[in-house]
Amino acid sequence: MPAEESPSPPAASPLALVRTFQRAALETATEAAREATLLPGRLADATTVEVGQTPSEVVYTENKLELRRYESLTDHQHAVPVLVVYALINRPYILDLQPDRSIVRRLLEAGHDVYLVDWGDPSRLDRHLGLEDYVGRYLDNCVDVVRERSGQAAINLLGYCMGGTMSAIYTALHPEKVNALALLAAPLYLEDTGGVLELWGDEAYFDPRRLREVHGNVPGEFLAAGFQLMDPVANTVTKYVRLAERLENEDFVRNFARMERWLSDPVDLAGEAYAEFVERIYQRNELYRNELTVGGEPVDVERIDVPLLQIVGTYDSLVPPDASTPFNEVVGTDDVTTIEYPSGHVGLAMSNGAHRDVWPEVAEWFLEQSDHPTLADVLGEGVEAALGVDVETDVGVGDVDEMAVGVGDADGEISRAVVRRDPVAVERFLEAALGVDIELSGDADGIAVTVATDEGVQTTVVRSVGEATRTEVEESVESVAVASVYDLEELEGVGPTYAARLRDAGIESVADLAVADAPTVAAAAGVGERLARTFVDRARALVGLEAAAETDD
């Protein structure tokens, strides 16, 4: 038997169709009326939005350039500052768009000392400025200003987009001035990896010199139109539909207005810098190929031997991850970290997700690179490697010039004491606690810690130390050498009797006396603390250390 056919749905009556149409028309009209009522107020709100609200001061100017330093948001700041290098196009306030979406604030909240390069608007007189001017002169001068203000031999760089490329070039030219390098969505490897921009800029279709000849400086409106056309539907239709759908959300409208303000606020680009960047970075890939020169000086990327962080967006159509990460393979450092986040080019800087997931990690990375180990940490690491024990230091214990040092093994704590915060004191404590001899020396790769025991000698090279620690090692070695020339009896006021008592108590040398505390010396020598402080001060002066304490009147 044939299968029964399913009954057809009853046809809608003409009256029902009319009612459906009327209801849809009424809903559309109601929605349009609601939007029309909301729109004037939302537009008024949008015109009053503020950007770049984090307080700052201009600490250096040159030509159109301004170097800004931001006010601290914490009681204490990390010693090594972060200099943010923005691109030559658009305005840098995208990095400080609003308080909850501000890279500048995220770094400040983590305790970093933050500076930012605002390149300004080039005039027609600036159309001849090229990479030699922007990287070799302006950026170098800014780095030197930050170094001088902070007292640091090397500082941290964070470069965004084109500013990242320039930061990489700068680090290759001046690695001694850079402590750590972070690159945010930076075009570094352009070999069929740069997406639409690389295709548009291909030398088969485009000659940037012709544009420079016609305009001098490249108009910001030209660049903005190009970026908009990379995704015309999203940039000219979809985002406005989304705005209309969310007019009731005041925060969304104001955030939208801030972003639109930035997009409609372009900056002209010096013609020569534009032509060089397109020709040498995009068309010839000279940076990656290690063929780039700036001012006649080779930009050797193998000289980039500092810690490197790459931050890339999975959906970045402007600078795809493949246009950045291959650079990691040609630099001179093995200390490379890559953060890839599911975001676009601008989203890396201002999306809620990036500020929740990426920027705290970046701030922590900078801290790890900036917080070079102290000499106490270096000593501890060398001893740990040689003897398999744990060494802990704590500068939060004791007076301002003291620190706690503890030594332990698998069975528990061996010894702990509060000692003076100087290398000689820490070294003497570890030697006494473990029954070993320790020597320090400078090494091309770091600091060499040599530990001698009854079983033999082992040397460990501790790497990634800062210049301050290197200087401390040199001074401590020199101090020990000076101290070894003198006997305790040669210190004014000590004499044979006190010297013998001190040796019996384990204070066998001038160096030992220099790091001892007054109560211990007083008990060992059988003298008052006032005289004991005098002995310690004279020993410290002999080995070039600061006075142990003020003597009583």
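Residues numbered from 1 in each chain as written. Predicted model: local features only at pLDDT ≥ 70, side-chain atom pairs only at ≥ 80, totals over all residues. Heavy atoms only, no water.

Caption draft 1: Representation of the packing of aromatic side chains within the structure. Applying the stated criterion across every chain yields a total of eight aromatic pairs. Both rings, one in tryptophan 365 and one in phenylalanine 366, keep their centres 5.2 Å apart while their planes meet at 65 degrees; by these two values the pair is edge-to-face. By relative accessible area, phenylalanine 366 is classed as buried at 0%. Among the aromatic side chains, those forming a connected cluster through ring pairs are Trp119, Tyr134 and Tyr138. (Phe/Tyr/Trp six-rings, centres within 6.5 Å; stacked < 30°, edge-to-face > 60°. Buried < 20%, exposed > 50% of the residue type's maximum accessible area, 1.4 Å probe, protein only.)

Caption draft 2: Structural detail: empty space enclosed by the protein. One pass over the full model with this rule turns up three cavities of 30 Å³ or more. Put simply, the largest cavity is a space of about 90 Å³. Lys64, Trp119, Gly120, Pro122 and Tyr134 are, among the 16 residues lining the largest cavity, the residues nearest its centre. A class-by-class count of the residues in the lining of the largest cavity yields nine nonpolar, two polar and five charged. Estimates place the volume of the second largest cavity at around 40 Å³. If you trace the second largest cavity, you find it lined by Tyr86, Ala87, Leu88, Asn90, Pro92, Val117, Asp118, Trp119, Gly120 and Val267. Across the lining of the second largest cavity, the residue classes break down as seven nonpolar, two polar and one charged. (1 Å grid on protein atoms, 1.4 Å probe; cavity = no way out; pocket = protein on both sides within 12 Å on 5 of 7 lines; lining within 4 Å. Points joined across faces, edges and corners; volume = space filled by probe spheres on them. Nonpolar A, V, L, I, M, F, W, Y, C, P; charged D, E, K, R; others polar.)

Caption draft 3: Layout of the packing of helix α14 (residues 375-387) against helix α15 (residues 423-434). Contact geometry of α14 with α15 gives a least axis separation of 9 Å together with a crossing angle of 25 degrees. Accordingly, the angle class assigned to the pair α14 and α15 is roughly parallel. The way α14 lies across α15 gives a crossing that is right-handed. Along the contact surface, α14 presents Leu375, Ala376, Leu379, Val383 and Leu387, while α15 presents Pro423, Val426, Glu427, Leu430 and Leu434. Of the residues assigned to the contact of α14 with α15, the class counts are nine nonpolar, no polar and one charged. (Axes fitted to C-alpha atoms, helices over the stretch in contact; angles between N-to-C directions. Helix = DSSP H or I, 4+ residues; strand = E, 2+ residues; numbered from the N terminus. Parallel < 35°, antiparallel > 145°, perpendicular 65-115°, else oblique. Left-handed = near helix turned anticlockwise from the far one by under 90°. Contact = heavy atoms within 4.5 Å.)

Caption draft 4: Region of the structure containing the pairing of strand β11 (residues 308-313). A large share of β11 lies buried, amounting to six of its six residues. Taking every second residue as pointing to the same face, both faces of β11 are buried, with Leu308, Gln310 and Val312 on one and Leu309, Ile311 and Gly313 on the other. Examined bridge by bridge, strand β8 (residues 178-184) and β11 share four bridges and lie parallel to one another. Across the sheet, residue leucine 181 finds its bridge partner in β11, namely leucine 308. With six bridges connecting them, β11 and strand β12 (residues 336-341) associate as parallel partners. Within β12, the residue paired with glycine 313 across the bridge is tyrosine 341. (Pairing = 2+ DSSP bridges.)

Caption draft 5: Summary view of the packing of helix α17 (residues 495-504) against helix α19 (residues 518-525). At a minimum axis distance of 8 Å, the contact between α17 and α19 shows a crossing angle of 110 degrees. Between α17 and α19, the crossing angle belongs to the class labelled roughly perpendicular. Like other packed secondary-structure pairs, α17 and α19 cross with a definite hand, here right-handed. When α17 is examined against α19, the residues Tyr498, Arg501 and Leu502 are found in contact with a partner set consisting of Val521, Ala524 and Ala525. In terms of residue class, the contact of α17 with α19 is built from five nonpolar, no polar and one charged.

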